Amino acid sequence: MSSSAESDLLQHAVDLATANVDAGGGPFGAVIVMAGGRRFEGVNRVTAHHDPTAHAEVAAIREACRQLGGHELRGAVLYASCEPCPMCLAAALWARIERVVFAAGRDDATRAGFDDAMIYEFFESPIHRGRLPTAQHRHVEAIAPFEAWRAYEGRMEY
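Values in this document were obtained by computation on a predicted structure and should not be read as measured data.

Novice: Can you tell me about the pairing of strand 2 (residues 39-43), naming the residues and giving the values?
Specialist: On strand 2, burial follows the alternation: Phe40 and Gly42 on one face are buried, whereas Arg39, Glu41 and Val43 on the facing-out side are not. In textbook terms, the turn of a hairpin is the stretch between consecutive antiparallel strands, and for strand 1 (residues 29-33) and strand 2 this stretch comprises five residues, one of which, glycine 37, has a positive phi near 100 degrees.

Novice: Any chance you could break down the pattern of salt bridges for me, citing the residues and the numbers?
Specialist: Taken as a whole and assessed by the stated rule, the structure comprises five salt bridges. Its salt-bridge partner being arginine 74, residue glutamate 72 comes within 2.8 Å of it at the nearest N-O pair. Under the relative-accessibility criterion, glutamate 72 is labelled partly exposed at 29%. A residue is classified by how much of its surface remains accessible, and arginine 74, at 52% relative accessible area, is exposed.

Novice: Explain the sheet that holds strand 1 to me, using residue names and the numbers behind them.
Specialist: In spatial order, the strands read 2-1-3-4; together these four strands make up an open sheet with mixed pairing. Edge strands, defined here as strands with exactly one partner in the open sheet, are strand 2 and strand 4 (99-104). Neighbouring strand axes in the sheet, compared pairwise and without regard to direction, differ in orientation by 15 degrees on average. In this structure, strand 1 lies alongside strand 3 (residues 77-82), joined through four bridges in antiparallel fashion. Considered in strand 3, the bridge of isoleucine 32 is made with leucine 78. The sheet strands contacting helix 3 (residues 56-68) are strand 1, strand 2 and strand 3, and the helix crosses strand 2 at an angle near 140 degrees.

Novice: Would you mind going over the UniProt feature "domain: CMP/dCMP-type deaminase" (unreviewed entry) in the chain in detail, with residue names and values included?
Specialist: As recorded in UniProt, the sites labelled "domain: CMP/dCMP-type deaminase" (unreviewed entry) are residues 4-117. Helix and strand shares over residues 4-117 are 46% and 19% respectively, and the end C-alpha atoms of the span are 32 Å apart.

Novice: Could you give an account of the environment of glutamate 41, with specific residues and numbers?
Specialist: Note that glutamate 41 resides in strand 2. Residue glutamate 41 is classed as partly exposed on the basis of its relative accessible area of 41%. Expressed as a C-alpha distance, the spacing of glutamate 41 and methionine 87, which sit 46 residues apart in the sequence, is 18 Å. Here glutamate 41 is in contact with His12, Leu16, Ala30, Val31, Ala59, Ala60 and Glu63, once residues within four sequence places are set aside. One polar contact links glutamate 41 to histidine 12, side chain to side chain, over a distance of 2.5 Å.

Novice: How would you summarise a negative patch on the surface if you had to cite specific residues and measurements?
Specialist: Taken together, Asp107, Asp115, Glu121 and Glu124 make up a surface patch of like negative charges. On the basis of relative accessible area, glutamate 121 is assigned to the partly exposed category, the value being 33%.

Novice: So what's going on with the packing of aromatic side chains? Which residues, and what values?
Specialist: In this structure the tally under the stated criterion is two aromatic pairs. Centre to centre, the rings of phenylalanine 28 and phenylalanine 114 are 5.0 Å apart; their planes meet at 90 degrees, and the pair counts as edge-to-face. Of the two residues, phenylalanine 28 is situated in the loop between helix 1 (3-22) and strand 1 and phenylalanine 114 in the loop between helix 5 (106-111) and helix 6 (117-124); the sequence distance between them amounts to 86 residues. Residue classification places phenylalanine 28 among the buried residues on the basis of a relative accessible area of 14%.

Novice: For the environment of glutamate 57, give the residues involved together with the corresponding values.
Specialist: Its place among the elements puts glutamate 57 in helix 3. Residues glutamate 57 and alanine 92, spaced 35 residues apart in sequence, show a C-alpha to C-alpha distance of 8.0 Å. Not counting the four nearest positions on each side in its chain, glutamate 57 is found in contact with Ala30, Leu78, Ala80, Cys82, Pro84 and Cys88.

Novice: How would you sum up helix 3? Please name residues and give values.
Specialist: Each α-helix winds once per 3.6 residues, and so residues spaced three or four apart point in a common direction. Between its first and last C-alpha, helix 3 extends 18 Å over 13 residues, near the 18 Å set by a 1.5 Å rise per residue. Turning to helix 3, its buried residues are Ala56, Glu57, Val58, Ala60, Ile61, Ala64 and Cys65. Where helix 3 is buried, its residues contact strand 1, strand 2, strand 3 and helix 4 (86-94).

Parameters and conventions
- Residues numbered from 1 in each chain as written.
- Predicted model: local features only at pLDDT ≥ 70, side-chain atom pairs only at ≥ 80, totals over all residues.
- Heavy atoms only, no water.
- Buried < 20%, exposed > 50% of the residue type's maximum accessible area, 1.4 Å probe, protein only.
- Helix = DSSP H or I, 4+ residues; strand = E, 2+ residues; numbered from the N terminus.
- Pairing = 2+ DSSP bridges.
- Salt bridge = Lys/Arg side-chain N within 4 Å of Asp/Glu carboxyl O.
- Axes fitted to C-alpha atoms, helices over the stretch in contact; angles between N-to-C directions.
- Contact = heavy atoms within 4.5 Å.
- UniProt positions renumbered as here; feature names shortened; annotations may be inferred.
- Polar contact = N/O pair within 3.5 Å; in protein donor to acceptor, adjacent residues only side chain to side chain.
- Patch = residues over 30% accessible without salt bridge, like charges linked within 9 Å, V, L, I, M, F, W, Y side chains within 5 Å.
- Areas by Shrake-Rupley, 256 points an atom, 1.4 Å probe, with all protein chains shown as cover.
- Lys, Arg positive; Asp, Glu negative; His and termini not counted.
- Charge placed at Lys NZ, Arg CZ, Asp CG, Glu CD.
- Phe/Tyr/Trp six-rings, centres within 6.5 Å; stacked < 30°, edge-to-face > 60°.
- Expected span 1.5 Å × (residues − 1).

Structural data, given as structure tokens:
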């Protein structure tokens with residue numbers, strides 16, 4: 001794809017984000033472009049939907065998967081108005097998106113009051129994991145769901 005076309009797609013993501021502010025959403029927009037050119041959009045609706053996972057990138061991924069009838073977006077490119085947070089990057093990885101291109105950086109988001117540094121710190125340093133302690137308590141039936149999955153003949157691998 002030409003740099004001009006990529007610039008236009010980033011501009012569209014930025015336009016979505018800006019318009020979303022007027023619609024009561026957060027200042028984030030995303031566009032997914034499939035290898036064949038089909039496009040899917042998403043905007044941030046965290047506060048509007050009372051859903052901390054309602055980020056623009058996740059919304060675009062959900063919409064693309066819903067319309068395409070699958071859970072993988074191989075060959076797709078995600079264009080985001082801002083650098084995706086760790087959750088959105090993880091969603092892109094799970095969706096098998098090929099590439100992510102973004103306009104504003106995380107420092108720009110921080111200056112606007114959207115600081116996800118603590119999430120990056122959580123993954124980068126064990127000392128920060130005290131913010132959300134996790135512990136495994138091995139239960140006798142802990143692997144029963146996985147055994148059921150392996151035995152289920154109708155499963156769709158991912």
